[in-house]
Amino acid sequence: MKKTLIIIGIVAVLGFGVFAYLGGFKDYSITVMEQKSLHLYGLTYRGTPQDEGLKNTFQKIEAALTDQAEATLHTIYYIEPAGKLDTMNVFVGLDKVNDDVKVNWEEKVIQGEQFLMADLRYNKLVMPRPATIKEDMQDYAEEHRLTLSGIFIDRLLREDHVQVWAPISKKK
């Protein structure tokens, strides 16, 4: 019995150590930034997370991303799935593309003078859940008497660096 407790204790300490090493206990900043309207070019996928269509959508955008060194990958989840069989609606796009690509893709213009931005620098294994980030951003907006438009845009800068932008519609 004592050996089992000691082993469980050691595993727990190691688990907390790895979690801390990967950045799991770090906090992230939320700031207001001045930004003119955001223009994105991409494709919308509507279906289940397990469908090949989702994978194909990301592959098409990532292929264009390799051609555009300065471009940044963006996603907007209009409907997030709760499970594997739930319907999702996601826009996947880039902020810069070639003119020939623009013709075949959708253009999304996110209006705004200011955006609320959460800057996340975490290993993907300990990245906070999207619902937690949205809740923190909404709490920040409420504290600072800001009204968010309800759209949350994920800017995927690197594997361990994501920014979440939310347009501010007005001050309360």
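Just above sits the structure.
These figures come from a predicted structure and were not determined experimentally. (Residues numbered from 1 in each chain as written. Predicted model: local features only at pLDDT ≥ 70, side-chain atom pairs only at ≥ 80, totals over all residues. Heavy atoms only, no water.)

### Quick notes on the overall build of the protein
Then, number 1: If you tally the helices and strands in the protein, you get 4 helices and 9 strands.
Then, number 2: Going from N to C terminus, the protein has its helices and strands arranged as α-β-β-α-β-β-α-β-β-α-β-β-β.
Then, number 3: Burial statistics for the protein: of 172 residues in total, 37% are counted as buried.
Then, number 4: Partitioning the intrachain contacts of the protein with sequence separation of at least 6 by distance along the chain shows that 71% fall at a separation of at least 24. (Helix = DSSP H or I, 4+ residues; strand = E, 2+ residues; numbered from the N terminus. Buried < 20%, exposed > 50% of the residue type's maximum accessible area, 1.4 Å probe, protein only. Contact = heavy atoms within 4.5 Å.)

### Considerations on the packing of aromatic side chains
Then, number 1: According to the stated counting rule, one finds 2 aromatic pairs in the structure shown.
Then, number 2: Measuring from centroid to centroid gives 6.4 Å for Tyr28 and Tyr122, while their planes differ by 80°, and the two rings are edge-to-face. Of this pair, Tyr28 sits in the loop between helix H1 (2-21) and strand E1 (29-34) while Tyr122 sits in the loop between strand E6 (114-121) and helix H4 (130-143), and the two are 94 residues apart along the sequence.
Then, number 3: Its relative accessible area of 3% is what places Tyr122 among the buried residues.
Then, number 4: Aromatic side chains Phe115 and Trp165 sit 5.5 Å apart centroid to centroid with 55° between the ring planes, which places their arrangement in the tilted category. Highlighted residues: Phe115 in strand E6 and Trp165 in strand E9 (residues 161-171), separated in sequence by 50 residues.
Then, number 5: With relative accessibility at 6%, the residue Trp165 sits in the buried group. (Phe/Tyr/Trp six-rings, centres within 6.5 Å; stacked < 30°, edge-to-face > 60°.)

### Focus: the pattern of salt bridges
Then, number 1: Counted according to the given criterion, the structure contains 4 salt bridges.
Then, number 2: Residue Asp95 is joined to Arg155 by a salt bridge in which the shortest nitrogen-to-oxygen separation is 4.0 Å. A residue pair is termed long-range when its members are at least 10 positions apart, and Asp95 in the loop between strand E4 (88-94) and helix H3 (99-104) and Arg155 in strand E8 (residues 153-158) qualify at 60 residues.
Then, number 3: Exposure remark for Arg155: the relative accessible area of 12% places this residue in the buried category.
Then, number 4: When the shortest N-O distance is used, the salt bridge between Arg158 and Asp160 registers 3.5 Å.
Then, number 5: Judged by relative accessible area, which is 37%, Asp160 ranks as partly exposed. (Salt bridge = Lys/Arg side-chain N within 4 Å of Asp/Glu carboxyl O.)

### Brief notes about the side chain of Asp95
Then, number 1: Asp95 gets classed as buried once you look at its relative accessible area, which sits at 18%.
Then, number 2: A distance of 2.8 Å separates a polar atom in the side chain of Asp95 from the backbone nitrogen of Thr72. (Polar contact = N/O pair within 3.5 Å; in protein donor to acceptor, adjacent residues only side chain to side chain.)

### Section: a negative patch on the surface
Then, number 1: A cluster of like negative charges, contributed by Glu135, Asp139, Glu142 and Glu143, occupies part of the molecular surface.
Then, number 2: Structurally, the position occupied by Glu142 is in helix H4. (Patch = residues over 30% accessible without salt bridge, like charges linked within 9 Å, V, L, I, M, F, W, Y side chains within 5 Å. Areas by Shrake-Rupley, 256 points an atom, 1.4 Å probe, with all protein chains shown as cover. Lys, Arg positive; Asp, Glu negative; His and termini not counted. Charge placed at Lys NZ, Arg CZ, Asp CG, Glu CD.)

### Thoughts on H4
Then, number 1: In this model H4 runs 20 Å from its N-terminal to its C-terminal C-alpha over 14 residues, within 8% of the 20 Å that 1.5 Å per residue would give.
Then, number 2: Looking only at H4, the buried set comprises Ile133, Met137 and Ala141. Down the axis of H4, the buried side of the element spans an arc of 70°, and every buried residue falls inside it. In H4, the exposed positions angled more than 90 degrees off the buried face are occupied by Glu142 and Glu143.
Then, number 3: Once H4 finishes, Arg145 follows within two positions and takes phi at roughly 55°, a positive value. (Expected span 1.5 Å × (residues − 1). Arc of directions from axis to C-beta.)

### Observations regarding the nonpolar core
Note that soluble globular proteins tend to have their nonpolar side chains buried in a common cluster.
Then, number 1: The biggest cluster of nonpolar side chains holds 16 residues, and the ones touching the most others in it are Leu116, Met137 and Val164.
Then, number 2: Only E6, H4, strand E7 (146-148) and E9 provide two or more residues apiece to this core.
Then, number 3: It is E9 that provides the largest number of residues to this core, a total of 4 residues.
Then, number 4: Not counting residues within four places of it along the chain, the set of residues in contact with Val164 comprises Leu116, Met117, Ala118, Leu120, Ile133, Met137, Phe152, Ile153 and Asp154.
Then, number 5: Formed by 15 residues, the second largest nonpolar core is a distinct cluster that contains Leu54, Ala71, Val92 and Leu94. (Core = buried A, V, L, I, M, F, W, Y, C linked by side-chain atoms within 4.5 Å.)

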